[in-house]
Amino acid sequence: MITIPEWLIGLLGSGAGAIIALLIRNAVAHAKNEASAKAGQAIANEAKAAAAEARRLAAATERDLAHFREKVATEYATVQLLDRIEERLVGALDRIGERFDQFLSTQGKAK
């Protein structure tokens, strides 16, 4: 019968244990890397969603600003028109005032 020295059995056992430990360590590292990759992907997906929302808000703000500019331009033209009408009304009132003054002065001379 062949006898295997005890030290050889111990060496083979510890070598097998070391290999098993390395395999377990590699499996744990792989699981951690996979979990880290999934977390990174989730963060990337959230960032993409946030970027899409930011683009949507920017487009909405740009549309609102264009609408506001158009409204201001329209109302500004209306304000200019009101200024011209005011000038015409003031001129007409001045002419009525002058006529009224003439009327009063001719009435005063007639008495």
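Rules used in this analysis
Residues numbered from 1 in each chain as written. Predicted model: local features only at pLDDT ≥ 70, side-chain atom pairs only at ≥ 80, totals over all residues. Heavy atoms only, no water. Helix = DSSP H or I, 4+ residues; strand = E, 2+ residues; numbered from the N terminus. Buried < 20%, exposed > 50% of the residue type's maximum accessible area, 1.4 Å probe, protein only. Areas by Shrake-Rupley, 256 points an atom, 1.4 Å probe, with all protein chains shown as cover. UniProt positions renumbered as here; feature names shortened; annotations may be inferred. Salt bridge = Lys/Arg side-chain N within 4 Å of Asp/Glu carboxyl O. Patch = residues over 30% accessible without salt bridge, like charges linked within 9 Å, V, L, I, M, F, W, Y side chains within 5 Å.

**With respect to the overall build of the chain**
- In terms of helices and strands, the chain carries one helix and zero strands.
- Out of the 111 residues belonging to the chain, those deemed buried represent 1%.
- For the chain, the accessible area works out to roughly 10200 Å², and carbon and sulfur atoms hold 65% of it.

**Digging into the UniProt feature "coiled-coil region" (unreviewed entry) in the chain**
- Those places that UniProt annotates as "coiled-coil region" (unreviewed entry) correspond, in this numbering, to residues 44-71.
- Note that residues 44-71 is 100% helix and 0% strand, and that its end C-alpha atoms are spaced 40 Å apart.

**Comments concerning the pattern of salt bridges**
- Summed over the entire model, instances satisfying the criterion amount to two salt bridges.
- The salt bridge involving Arg 56 is made with Glu 53; its shortest N-O contact spans 2.6 Å. With Arg 56 and Glu 53 both in helix H1 (residues 6-110), this residue pair falls three residues apart, about one helical turn.

**Here's the deal with a nonpolar patch on the surface**
- Nonpolar side chains collect at one region of the surface, where Leu 65, Phe 68, Val 72 and Tyr 76 lie side by side and expose about 410 Å² of accessible area between them.
- With respect to the helices and strands, Tyr 76 occurs in helix H1.

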